[in-house]
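# Coordinate inspection notes
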Amino acid sequence: MSAADKTLWYKAWTETRWFFRIGIVFLTASAFALYFGYPDDYATRFPNGALAVGAEQVRALLRDGHAYIWLSWFGTSLLLGLSFLSLALASTGLVRSPEGGPAPGVTYVLSMPVSRRKLAGVRVATGFLELTAAAILPTLLVCALAPTQGASFPVGEGLTHALLALCGVSALYALFVLLSAVLGELSKGVIGGTLLFLYGMFTFLASGVRRFSVFRLMTGDAFFLRGEIPWLGVLACLAFAATLTYASIRIVEGRDY
Amino acid sequence: MTSELAIETHELRKSFGAKEAVRGLTLAVPRGSICGFLGGNGAGKTTTLKMLMGMTRVGGGEGRALGLRIADPTLSTEIRRRTGFVSEDKLFPWSITVGELLSFTRAFYPRWRPDVAERYLHTFQLPLGASAGRLSKGMRSRLALLLALARGAELLLLDEPTEGLDPSMIEETLKALVALVAEQETTVFFASHQLAHVEQIADRVCIIDRGRAVLSDSLDELKASYRRVRLVFDEEPPEGAFAGARRDGRTLSLLAARNVDEVVARAKAMSARSVDVQPVTLKDIFLESAKGA
C-alpha cells in the first residue's frame, strides 16, 4: 500500500472514528450490562416478547441462559447498536458536498490526485470495517463473559450470529450511504435514514411481513432456532449492499463540486 | 493544440441548470507564464478553474491542462498530481492539525518540496499544532498557499490567493509566486479582483465576462497598445464622433486600442483644440473590456 493510500485510509478513519468509538463503547457497555443485570428467573424477562420473536415463543425459549443471551444480545442490543452505528457512519458522507456538514473542505480533498471512486470506495470500506469490528469484538466479549453467570454461548456460534448481523447491517449501511449521496446534506440524510430505519423496524415487527425484514436476518433466528444459515437472505443482502454502494459511488463521481 | 501551452481551452462551456456559467471560453496560457484571470463576480472564473481541476464536469468544448484533456477522469487525476490549487473557499476538510494536513498532502505528491514547506511555514507563521479547520480566514489563505506552493507543481491554479491577507503577507505571497516561476518554471494562473496585484506580477492577462474571454494577451502588449486619449474641442463635438467616448462638455475621453494614431488624426481633422495621449493602467483596460463585452 502506498503512502498516499495509507493517508487516504487514515483520513477516512479520522472522519468516522468518533461515531465508531461511541458505537463500540455503547455495545461493550451493553455486553457488560447483559451480565450485571442477569436474571434469576428468565421467564420474568421479555414479558411482551422481543424484537426477534413474539411473546409466546419467548416463553417457550427462555428456559436457559443460552436463549436469554441470544434474545438479549443478538435479538436486541447488537441489532439496535449496529443499525444506529450504520446510520451514523453513513451520515458522515462519502465526499462531502459544500453544504453537507460541519467540516467542509470538499474542494481541498478533490484537488488531490485521487479519483472520486477511490475516495468514496475507501470511505465505504472504512465504515464497513468499523461495522465488522463493532459486530465481532463485543460479541466475543459476550461469549467470554457467559460462564460468569453459569451460562454458555460458544464462540463459533457467536461469530456466526455476528456475521449474519453484519450481512444485514451491510444492506442498511449501503442504503444510508445512498441516501447521504443523493440528499447531500447531513441533516436530510439523517432524517431520511431514520425514517427508513423506523419503517424497516415496523415491517420487522408487523406479523405477515416479518419474514422479509432485514432485521430478522440480523437476529439470526433461523440459525438459532433451526441451525440453518439463511443463505437466500444473506446473498440478497450482500447483493443489495453491493448494488447500492456502486450506485452511491457513481453519484459521487458524476457530481459537480 | 500543443503542449507548449500550460492551459488551453476551446469553446469551453458549463451550465448549471438554465444558468450558463461559462459560454465558449477560448484561452491559451503559455508554460512558464504568470497569467492573471480577471472578471467580475459571476463571470465564470471559479467554474473555469474547477473544470481545469476536474471538480466540475465540462459541459462542452475542449480543455487541456499541461497537455492533458481535462474531461478525461484518468488524465484529470494526473493533472491534479502536477498542479497546486488554492480554492475560493480555502476551507479544510476535517479536524486535524496543520502538521497532520501537511503530512496528509505530501503523501500524494512525489515532487513535494519540504524546503519550500519549511520556508513558508516560517514566513507565514503557521502553527503546526493548530487545528486547520479553526484557523482565521487570513491564516487559512496562508495555509492554502503553502500547501499549493510545496507540491512541486508545474501549474498553480489559484482562486483569489491573497484574499484575507494583510499587506505584508500579500507582498510575501506575490514574491513567492514570482520566485517559484523563476526557480521551477511553474505556470501560475490566478483569478483575482485585486488588479494591482495582477499588474505587479503577471506577464499575461485574461479578462472574462459572462463566461467568455473578452481579452487575452501579454500585459506589456496590452499596455503598449492601449492609450487614454483626451480631446478638447472649441465647440460641442458631434454626437457619435468617437464610439465609446465619455463626454464632459466640450471634452471627450476614450480608451483607444491599437488605433491611437487613427483617433488622433481624426481628432485633428475635426479641429480638436488639444489632444492628450496618456498611458493606461490595467484597471482602465479591465473596466473598458467589461463595458464593451
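Here we summarise the structure given alongside this text. (Residues numbered from 1 in each chain as written. Chains lettered and ligands numbered in written order. Predicted model: local features only at pLDDT ≥ 70, side-chain atom pairs only at ≥ 80, totals over all residues. Heavy atoms only, no water.)

## Points about the sheet that holds strand β8 (residues 187-191) of chain B
To summarise the sheet geometry, strands pair through backbone hydrogen bonds and adopt either a parallel or an antiparallel arrangement. All names here are of chain B. Strand order in the open sheet made by the 6 strands is β6-β7-β8-β3-β9-β10, with mixed pairing throughout. If you trace the sheet from one side to the other, it starts and ends with β6 (83-86) and β10 (212-218), each paired once. Strand-to-strand, the axes of this sheet are offset by a mean angle of 15 degrees, without reference to chain direction. Relative to β10, strand β9 (residues 204-209) is paired through 6 bridges, and the arrangement is antiparallel. Bridge pairing in β10 places D209 opposite R212. Along the sheet, helix α5 (residues 137-149) makes contact with β6 and β7 (155-159), crossing β6 at roughly 175 degrees. (Pairing = 2+ DSSP bridges. Helix = DSSP H or I, 4+ residues; strand = E, 2+ residues; numbered from the N terminus. Axes fitted to C-alpha atoms, helices over the stretch in contact; angles between N-to-C directions. Contact = heavy atoms within 4.5 Å.)

## Quick look at unusual backbone geometry
Residue and element names in this part refer to chain B. Unlike most non-glycine residues, Q125 shows phi in positive territory, near 55 degrees. When you line up the elements, Q125 lands in the loop between α4 (114-123) and α5. Despite not being glycine, E185 shows a phi value in the positive range, around 55 degrees. Residue placement: E185 occurs in the loop between α6 (167-184) and β8.

## Notes on the environment of M218 of chain A
All names here are of chain A. One can find M218 in helix α8 (residues 214-219). Take M218: its relative accessible area is 1%, and that puts it in the buried class. Once the C-alpha coordinates of M218 and H161 are considered, the two residues, 57 residues apart in sequence, prove to be 7.7 Å apart. Residues contacting M218, with those up to four places away along its chain left out, are F74, L79, L82, S83, H161, L164, A165, G168, V169 and L172. (Buried < 20%, exposed > 50% of the residue type's maximum accessible area, 1.4 Å probe, protein only.)

## Quick notes on the packing of aromatic side chains
Residues and elements named next belong to chain A. Under the defined criterion, the tally for this structure stands at 10 aromatic pairs over all chains. Plain terms: the ring middles of Y35 and Y38 are 6.0 Å apart, the flat faces sit at 15 degrees to each other, and that makes the pair stacked. The two residues Y35 and Y38 agree in class, both being buried. Here W70 and F224 contribute two aromatic rings whose centre-to-centre distance is 4.3 Å and whose plane-to-plane angle is 5 degrees, an arrangement assigned as stacked. With a gap of 154 residues between them, W70 in helix α3 (residues 65-91) and F224 in helix α9 (residues 221-226) connect regions that are remote in the sequence. Residue classification places F224 among the buried positions, given a relative accessible area of 15%. Pairwise contacts between aromatic rings join Y35, Y38 and Y68 into one cluster. Above the face of the W18 ring, R21 is positioned so that its terminal group lies 4.8 Å from the ring centre. (Phe/Tyr/Trp six-rings, centres within 6.5 Å; stacked < 30°, edge-to-face > 60°. Lys NZ or Arg CZ within 6 Å of the ring centre and 35° of its normal.)

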